[in-house]
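Notes for the structure review
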Amino acid sequence: MLRVYIFDELVQRSMLQPSQFCKTKNEGYIMHDLIHDLAIFIAENQCLSVMDNEKTSISTNLLHASFVPSRDQVTLNFHVLGRARQLRTLIVPMSRHMQSSIYNLPNSETREVQFDERDFRNSYFWNVSAQLNYMEYEWSEPMIMFQDHVVDQKHTAMVKAFQCYNSSGYEISESMIQMFQQLRVLGLSYTGLEKLPNLIGELKHLRYLSLKETSITCLPESLCKLYNLQVLDLDRCENLCKLPRGMKNLTELRHLTLPILHDSHLCMPRGMGNLTNLQTLSAFYVGGDVYHCGIDELTGLLNLKGELKIYGLDRVLQQNFPDLSTMRSVKKLILHWNNGSLVKCNYGDTEDDQSQYINATSVLNGLEPPKSIEELVVKVFDGSRLPSWMGNCSYLNLSSMRLDFCNDSCTELPPLGRLPFLKYLSVQGMNALRRIGPEFCGCTSRVAKCFPRLETLEFSEMLSWEEWDCNFHENSFRSLSELTIGSCSRLLKLPPGLSPSISTLELQDCDSLDSIPMLPSLTSLRLWGSCPFYLWSRSLCLPNLNHLLISFYQLHILEFFANLPMLNIVRLENCKIEEVIGLQHLKSLKIMELCGCPDLKLTQDILQQSNFCVMFAP
């Protein structure tokens, strides 16, 4: 992309340099004071940051401006910029009432800071696409934003998790629309704006419109006359309930960022499939009738890239599924059922007729992702069977999969062990499953290898699961390093053929689990809730166990044995323990952390004779 190329060129020429206070190389950049002053000098007649209550000489040649409203202003009339009729870029910075948490201050001080308008005057330098939800702010010094990168000057403090709050929403006057007919970029993010004027459609040249994190509830139909619009940012507009019916007319749109509404539904009109130039679509909401956007309209959106979230899959009306396999640039696919009921809108009758909806099993079977997919998430799935394509070994890029169920009918997992490059797998809420057998590994014989690259495996909330019986080849699960099993109260044992390379084991509410296999590489063991806490007893050799966490231990006596020679850290949380026995066996113990264990009393003799320290956490 051109903007990335320009930024990289500035870095190569040392005009921008990585900040030494950022964790990663590309997280933040600084600009030398001389370069900053030179940029201000060169752009003086074309770029300006102005306050509404300031007397400033405005050039008729001004092209790019940021406008900071006065403290008591409600309607943004921009009269200060009245002479700049050729204005191309207009950015309204975030509200002047800003609250932030300060981290990394001297003496580890954490406090809230109130910013005045002038504190933020120079920090918004014609940035069109800055993501201001996370930033670094160099205290009391000017800062420049450039294409999602923060360019700071000097460091005395850092503000992270930056968020702004406007005490009252602004309004845009219609005179502003008439005044700046040449606008290409209009940024109104974080302003608390509640509505756009109907005259917004007169900005014929507008290409970029940002309304991120405003209080807007609906967009005027006239917005669909912005035929040159390429970017529409509605991220975090949580009050937005519907899009204009004429969205299909915005055929030049490249990037459409919509709010993610987990408990409600955003109405999208029919015709979204006409936006064939779309490259970014943060969310696609399936409607439940002929007036709303159907799943079939994804067929026309072949240029989508990156991440695609599809919500409302419980409202699919017809089996005319899009061919997602043609979306080769989509790397992450999220399929979500049950996303709230349809809201009343003016598209037409929005009554849900659930008898016409296609069942979840058929829907998921028809939404086979492209072979280039890297991450797959299935959420709130209530079907009775998972599709066979999930175990297709031709998914050579698929490295992460998460399956989230919400029913009691799906009883079998597909052969996921055939996925050659799967590194992360999570299965949750599969309450009807009783047994995991060789079919899960996809092995036809014991000589076949399964899950060759899997590193993290998680099972949770599988209340009927009793047996895990897989005949593993000795090289199966050879890369597995972390295993988590939670809320699986009927599971009796773990398979003996699990990888000896497992370094982290976490068990939560596994009441019936009476033993674990030999895990010589285990360094971290975490036991939560209703677990049998004798799993580290003298009969089990854990020569490399370094960290042990025990939470909600219900017995009054906790005993350790000599089979934990490398144990360095023990943490006890919310336990009813009154006495700990066998601490003398823990030769390598350095730290014992106690949190919420009011009944535990360590005698003075034990503390004096031991080489470890005891830490009490609140």
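Keep in mind that this is a model prediction, so the values were computed, not measured.

Secondary structure summary: the protein chain contains six helices and 35 strands in total. Residue burial in the protein chain is summarised as follows: out of 618 residues, 50% are buried. Only carbon and sulfur atoms are counted for the fraction: they give 48% of the accessible area of the protein chain, which is about 28100 Å².

All right, on to the pattern of salt bridges then. Scanning the model with the defined rule gives 18 salt bridges in all. When the shortest N-O distance is used, the salt bridge between Glu593 and Arg571 registers 2.6 Å. Pair noted here: Glu593 is in strand S34 (residues 591–595) and Arg571 is in strand S32 (residues 569–573), with a separation of 22 residues, a long-range link. Among the charged side chains, a network of salt bridges with common partners joins Lys212, Glu213, Asp235 and Arg236.

On the surface, Leu2, Tyr5 and Ile6 cluster together into a nonpolar patch covering about 350 Å² of accessible area. Its location among the elements puts Leu2 in helix H1 (residues 2–12).

Next up on the list: the pairing of strand S27 (residues 482–486). The buried fraction of S27 is high, at four of five residues. Examined bridge by bridge, strand S25 (residues 456–460) and S27 share five bridges and lie parallel to one another. Bridge pairing in S27 places Thr456 opposite Glu482.

With that out of the way, let us pick up the side chain of Arg571. Its relative accessible area of 18% is what places Arg571 among the buried residues. Of note is the side chain of Arg571, whose polar atom sits 2.4 Å from the side chain of Glu573. Aside from chain neighbours lying at most four places away, what touches Arg571 is Leu548, Leu549, Ile550, Glu593, Cys595 and Ala617.

Looking now at the sheet that holds strand S15 (residues 231–233). Spatially, the eight strands line up as an open sheet ordered S3-S4-S6-S13-S14-S15-S16-S17, and their pairing is parallel. Single-partner strands in this sheet number two, and they are strand S3 (47–51) and strand S17 (280–281). Where S15 and strand S16 (residues 255–257) come together, three bridges link them in parallel fashion. Along S16, the bridge assignment pairs Asp233 with Thr257.

The subject of this paragraph is the packing of aromatic side chains. Two measures describe an aromatic ring pair: the distance that separates the ring centres and the angle between the ring planes. For the structure on display, the rule yields 10 aromatic pairs. A ring pair is formed by Trp337 and Phe381, whose centres lie 5.2 Å apart and whose planes are at 80°; its orientation type is edge-to-face. You can see Trp337 sitting in the loop between strand S20 (330–336) and helix H4 (360–366) and its partner Phe381 sitting in strand S21 (residues 375–381), a full 44 residues away along the chain. Accessibility classification places Trp337 together with Phe381 in one group, the buried group. Note on Phe440 and Phe451: the rings are 5.1 Å apart at their centroids and 45° apart in plane angle, and the pair reads as tilted. Residue Phe440 is found in helix H5 (residues 438–441), and its partner Phe451 is found in the loop between H5 and S25; the two are separated by 11 residues along the sequence.

In this section: the nonpolar core. By size, the foremost hydrophobic cluster in this structure holds 157 residues, and its most contacted members are Leu81 and Trp468. The element contributing the most residues to this core is S21, with four residues. When sequence neighbours within four positions are dropped, the list of residues in contact with Trp468 reads Ile436, Leu457, Phe459, Leu483, Ile485, Leu491, Lys493, Leu494, Pro495 and Leu498.

Parameters at a glance
Residues numbered from 1 in each chain as written. Predicted model: local features only at pLDDT ≥ 70, side-chain atom pairs only at ≥ 80, totals over all residues. Heavy atoms only, no water. Helix = DSSP H or I, 4+ residues; strand = E, 2+ residues; numbered from the N terminus. Buried < 20%, exposed > 50% of the residue type's maximum accessible area, 1.4 Å probe, protein only. Areas by Shrake-Rupley, 256 points an atom, 1.4 Å probe, with all protein chains shown as cover. Salt bridge = Lys/Arg side-chain N within 4 Å of Asp/Glu carboxyl O. Patch = residues over 30% accessible without salt bridge, like charges linked within 9 Å, V, L, I, M, F, W, Y side chains within 5 Å. Pairing = 2+ DSSP bridges. Polar contact = N/O pair within 3.5 Å; in protein donor to acceptor, adjacent residues only side chain to side chain. Contact = heavy atoms within 4.5 Å. Phe/Tyr/Trp six-rings, centres within 6.5 Å; stacked < 30°, edge-to-face > 60°. Core = buried A, V, L, I, M, F, W, Y, C linked by side-chain atoms within 4.5 Å.

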